[in-house]
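Descriptive structure summary
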Amino acid sequence: MVRLRSLSARKQQALEILVRLKRLYPEAPCTLDYETPVQLMVATILSAQCTDERVNQVTPALFRRLPDAEAFANADVAEIESLVRSTGFYRNKAKNIQAACRLIMTQFGGEVPQRMEDLLTLPGVARKTANVVLAHAFDIHAGVTVDTHVKRLSGRLGLTKETDPLKIERDLMKLLPQPDWENWSIRLIYHGRAVCNARNPACDVCALADLCPSADRSKITPPPLPVVGFVPEGRIEVR
């Protein structure tokens, strides 16, 4: 297990990582396709144990048939199941989506609530989904989204020793500026997919390797030593 540095040292490290991630991934949009807050909520629920790419293949037909909370609330749950089947765990997802939309209709006037505590009352909505909806639908940064990539990379980078997503989120919230909470997660997800994968992290091409206590030093090529020679007049030349 990586030994944690002091809080101030980890803050400095996290800020440097954030700067580099912004250079590596200048754009950090939500990777789920949606037009409304309820569509984003539904897409995020569907993304559990499923790739965003697959969700984006499913949602166009889903949202054409069921465009809003009222439509989901009144639909036959079997129809929802049929439309989301390929995302996996489709029965539970369909049940939660319909139940959440029914609560939105009866308790929140047909609109997705904009408070964390209200969102967490909706079936199928935990902090990960709530953070995504608040940040991308309403520009409200209430927390840090912690998915499997964020969990893995935050541990490898020595920013937290926790394994519970809620505790990881609390640690990261102490280290990062609040306006960057959500785009940190997205950029770290990009980096986890492209470079720091679970089984064989590409430390040799990782722009964060020098900041990462878990990096495999045997994969990292050290900078070449300068060549020292003599030139006329006895001066030393470094090239």
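Sequence order sets the numbering: in each chain, residues are counted from 1 along the sequence as written. Reporting in this predicted model follows two pLDDT cut-offs: at least 70 for local features of residues, and 80 or more for side-chain atom pairs to be given and counted; totals over whole chains, interfaces and linings ignore these cut-offs and use all residues. Just so you know, side-chain values use all the structure's heavy atoms and leave hydrogens and water out.

**Thoughts on the pattern of salt bridges**
- In what follows, salt bridge is the name for a side-chain nitrogen of Lys or Arg lying within 4 Å of a carboxyl oxygen of Asp or Glu. In total, this model carries eight salt bridges according to the counting rule given.
- A salt bridge links R193 to D52; the shortest N-O distance between them is 3.6 Å. A residue pair is termed long-range when its members are at least 10 positions apart, and R193 in helix 11 (residues 181-194) and D52 in helix 3 (residues 52-65) qualify at 141 residues.
- Exposure classes here rest on a 1.4 Å probe applied to the protein chains alone. A residue is buried below 20% of its type maximum, exposed above 50%, and partly exposed in between. You can call R193 partly exposed: its relative accessible area is 45%.
- Owing to a relative accessible area of 15%, D52 belongs among the buried residues under this scheme. The helix count covers DSSP runs of H or I at least four residues long, the strand count covers runs of E at least two residues long, and both are numbered beginning at the N terminus.

**Comments concerning the confidence of the model for the protein**
- pLDDT gives the predictor's per-residue confidence on a scale running from 0 to 100. For the protein, the mean per-residue pLDDT works out to 92, and 92% of the residues sit at or above 70.
- By the convention used here, residues are in contact when the closest approach between their heavy atoms is within 4.5 Å. This stretch, residues 227-239, has a pLDDT under 50; its non-local contacts, to residues over four places away or in other chains, come to 15 contacts.

**Let's talk about the nonpolar core**
- Of all hydrophobic cores here, the largest spans 35 residues; its most connected members are M41, V42, L62, F72 and C101.
- Of all the elements in the fold, those that place two or more residues in this core are helix 2 (37-46), helix 3, helix 4 (69-74), helix 5 (77-84), helix 6 (90-107), helix 7 (116-119) and helix 8 (127-138).
- Ranked by residue count, the leading element in this core is helix 2, at seven residues.
- Those residues within four positions of V42 in sequence are excluded, and the remaining contacts are L62, F63, F72 and I97.
- Membership of the second largest hydrophobic core comes to 30 residues, among which are L21, A28, I186 and A215. Only buried residues count toward a nonpolar core, which is a set of Ala, Val, Leu, Ile, Met, Phe, Trp, Tyr and Cys residues joined through side-chain atoms within 4.5 Å.

**A few points about unusual backbone geometry**
- The backbone of F89 sits at a positive phi, close to 50°, despite the residue not being glycine.
- Note on placement: F89 falls in the loop between helix 5 and helix 6.
- Here the phi dihedral of D139 falls at roughly 55°; this positive angle occurs in a residue that is not glycine.

**Notes on the state of the cysteines**
- Only a pair of cysteine sulfur atoms within 2.5 Å counts as a disulfide in this structure description. Taken as a whole and judged by the stated rule, the model has zero disulfides.
- Between C196, a free cysteine, and C206, which holds the nearest cysteine sulfur, the sulfur-to-sulfur gap is 6.2 Å.

**So, the side chain of R20**
- You can see R20 is positioned in helix 1 (residues 7-24).
- Judged by its relative accessible area of 18%, R20 falls in the buried class.
- Pairing of N or O atoms within 3.5 Å defines a polar contact, subject to two protein rules: one partner must be a possible hydrogen donor and the other a possible acceptor, and residues neighboring in sequence count only if both atoms are side-chain atoms. Engagement of the side chain of R20 in a polar contact is seen with the side chain of E16, the distance being 2.8 Å.
- In this structure R20 touches A207, L208, D210 and L211, once residues within four positions along its chain are discounted.

**Focus: helix 6**
- Multiply 1.5 Å by the residue count of a helix minus one, and that product is the helix's expected span. Between its first and last C-alpha atoms helix 6 spans 25 Å; for 18 residues at 1.5 Å apiece the expected length is 26 Å, and the two agree.
- Along helix 6, the positions that sit buried rather than exposed are Y90, K93, A94, N96, I97, Q98, A100, C101 and I104.
- Residues of helix 6 that are buried make contact with helix 2, helix 4 and helix 5.
- Backbone geometry just after helix 6 places G109 at a positive phi near 60°.

**Digging into the environment of G124**
- Secondary-structure assignment places G124 in the loop between helix 7 and helix 8.
- Linking G124 and A142, residues 18 residues apart in sequence, is a C-alpha distance of 18 Å.
- Not counting residues within four places of it along the chain, the set of residues in contact with G124 comprises I45, N96 and T129.

**Looking at helix 3**
- The first and last C-alpha atoms of helix 3 sit 20 Å apart over 14 residues, in line with the 20 Å expected at 1.5 Å per residue.
- Two axes define the bend at a residue: one fitted to the seven residues ending there, one fitted to the seven starting there, and the bend is the angle between them. Taken as a whole, helix 3 carries its principal kink of about 35° at T59; the proline P60 stands between one and four residues after it.
- Of the residues making up helix 3, those classed as buried are D52, V55, N56, V58, T59, L62 and F63.
- Summarising the contacts, the buried residues of helix 3 are in contact with helix 2, helix 4, helix 5 and helix 11.

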